[in-house]
Amino acid sequence: MKSIASLGIVTLLATAPVHAADLSVCIEGSPETFNPELSSNGTTLFVLGQIYDNLISVKAGSSEIVPALAESWAISEDGKTYTFKLRQGVKWQSNDSFKPTRDFNADDVVFTFERMLDPKHPYAEVNGGNYITFTTKLADVLESVKKVDDHTVAFKLKTPLAPFLGIMAHQSLAITSAEYADVLQKAGTPELLDRQPIGTGPFALQDYQPDSAVRLVPFAETWGAAIGDEARTPKVDSVVMAISPDASVRLQRAMADECQIALYPNLADRDRIQNSGNLELVRTPVASTGFITFNFKEEIFRNKKVREALASAINIRPLVDVVYDGTGKATGSLVPPALWGHDEQIGPYDYDPQKAKALLKEAGYPDGFSTELWAVPVSRPYMPHGNRAAEMIQADWAAIGVKAEIVTYEWSEYIARSRAGEAKVGMFGGIYDFPDPSQIPNNYFSCDSAGKPSPSNIGSWCNAEFIDLMNKAGAITDQAEREKLYKQAQQVFHEEVPAVILGGADTITAVNKKVKGYREAIFGTSRLSGVTIAE
């Protein structure tokens, strides 16, 4: 992506924040895009979560669904129609090419979702049209989005969907401006909708230097400030997000007061943070799952015996202890221990190199084979040390004759290549954005009704029984029954070995003691509105 500079939004600073200061945040990677609909990547959504708003959101530090651009909502008796009453008087940001003539209204909601829903929509294929969360969670079930009046929108589903409200709080379903889209289309530059963002959130994009920094300025007219919501009001003069892929570098910069907030430091550096003098260690219990997944486009990995052999060859318990620095839990359950639906009865695959060798021989590979093993290049709760995990797996596989070349890329390129199906054995994972077990399984291991893998299903595993169980669980509201179905789906997953679960850990953040009002999100990503810096 080219540098986006001088977007003409300095006018947004017309009303200065109450607590004047510049907030510096060290983040782990570059955003993929500046339209949340085109990403489910937590790094990207952390940046865009400062710019855009959803109809509803998950309250920081909890699992409670709360109003945002929608003030309220009602659900029909059959569970298939959700009617949202929209907040009035919400202002849009502006830039050199766009000055809004109206407030946020129902047209913006309809535009946002019809772009993703209707393949003939003029914006459907702009910038690739890869709507990851929508495709995975709503495409098969959402029938229509209709404007009832300027401040009312109705979503009609084909069948009931129990986690619908949680899905709507996912930050990749934030609302974009229909008027801005019209202006850009008439100018012949529709691609700028996803590159020069216009949102309703507390901050607006000022400048982006790829692999270096994202600069934001406060949007004084944001609706949170207008209604007196301190947690949604920008209170600093600017936000500079310094991009530092190395966790050690992020922490060093925080210790040197170059960053007031450093995301995802190494788990092993907890004591350094606590003893630093200028930093506080913020530990947040998040639900996350990391794994390696086998690419079913490769003939060798369509052989279940091969997958079983590779799973049996990994000594998972010491790997979890080392990679998660004593904070992880060895499990075979796709749903993590922090969330309902976790199945304690599904443990990790038994470590048995002799069994692994025998399985390879039965599969026709008595002398092993060569492959690639991709390593996540950034520190995430689901994978704090991707390269270390890959090295340990590489050594375990070498003991059974499998030679694995470790491959990695810069984070945004890694994601793009993985989603393009390039990884033979891919390392991936996710953090739950809303409190429902469906998110990670549906994101990474599901396929649509036409048999097309979801965008994040980098291994292209499509299993009819697994998908049917997940769909049944999503169509009912009884949580106990849903949990039974999710556990059955996880059992199918474990038996078929499309992936090997590696684990997940709490998030830790290094926060300068002068920073006040920063609250880590348990689900989704954290906002920087409401944050101040003490003198």
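Preceding block: the structure.
Residues numbered from 1 in each chain as written. Predicted model: local features only at pLDDT ≥ 70, side-chain atom pairs only at ≥ 80, totals over all residues. Heavy atoms only, no water.

## Considering the nonpolar core
For step 1, the next point in the chain: Membership of the largest hydrophobic core comes to 165 residues, with the highest contact counts inside it found for Leu55, Phe84, Phe113, Leu138, Phe155 and Trp397.
For step 2, the next point in the chain: No other element matches helix H2 (residues 106-117), which puts six residues into this core.
For step 3, the next point in the chain: Once residues within four sequence positions are removed from consideration, leucine 55 is found in contact with Pro67, Ala68, Leu69, Ala70, Phe84, Leu86, Phe104, Val109, Phe155, Met168 and Ile175. (Core = buried A, V, L, I, M, F, W, Y, C linked by side-chain atoms within 4.5 Å. Buried < 20%, exposed > 50% of the residue type's maximum accessible area, 1.4 Å probe, protein only. Helix = DSSP H or I, 4+ residues; strand = E, 2+ residues; numbered from the N terminus. Contact = heavy atoms within 4.5 Å.)

## With respect to the environment of glycine 341
For step 1, the next point in the chain: The topology assignment puts glycine 341 in the loop between helix H10 (316-323) and helix H11 (353-362).
For step 2, the next point in the chain: On the basis of relative accessibility, which here comes to 0%, the residue glycine 341 falls in the buried class.
For step 3, the next point in the chain: Sequence separation between glycine 341 and asparagine 443 is 102 residues; the distance between their C-alpha atoms is 16 Å.

## Some words on the state of the cysteines
For step 1, the next point in the chain: Counted by the stated rule, this structure contains two disulfides.
For step 2, the next point in the chain: The side chain of cysteine 26 participates in a disulfide bridge whose partner is cysteine 259; the two sulfur atoms lie 1.9 Å from each other. Given an S-S torsion of about 50°, the disulfide between cysteine 26 and cysteine 259 has right-handed geometry. Here cysteine 26 is found in strand S1 (residues 22-27), whereas its partner cysteine 259 is found in the loop between helix H7 (247-255) and strand S11 (261-263), with 233 residues between them in sequence.
For step 3, the next point in the chain: What makes cysteine 26 buried here is its relative accessible area of 0%.
For step 4, the next point in the chain: The connectivity of the disulfides in the protein is 1-2, 3-4, where the numbers refer to bonded cysteines in sequence order. (Disulfide = S-S within 2.5 Å.)

## Details of H11
In an α-helix, one full turn covers 3.6 residues, which means residues spaced three or four apart are oriented alike.
For step 1, the next point in the chain: Turning to H11, its buried residues are Ala356, Leu359 and Leu360. Along H11, the residues classed as buried sweep out an arc of 100° about the axis, all on the same side. In this structure, H11 carries Gln354, Lys361 and Glu362 as exposed residues pointing more than 90 degrees from its buried face.
For step 2, the next point in the chain: In this structure, the buried side of H11 is in contact with helix H9 (304-312).
For step 3, the next point in the chain: Of the residues trailing H11, glycine 364 is marked for its positive phi of about 100°. (Arc of directions from axis to C-beta.)

These figures come from the coordinates and say nothing about function on their own.
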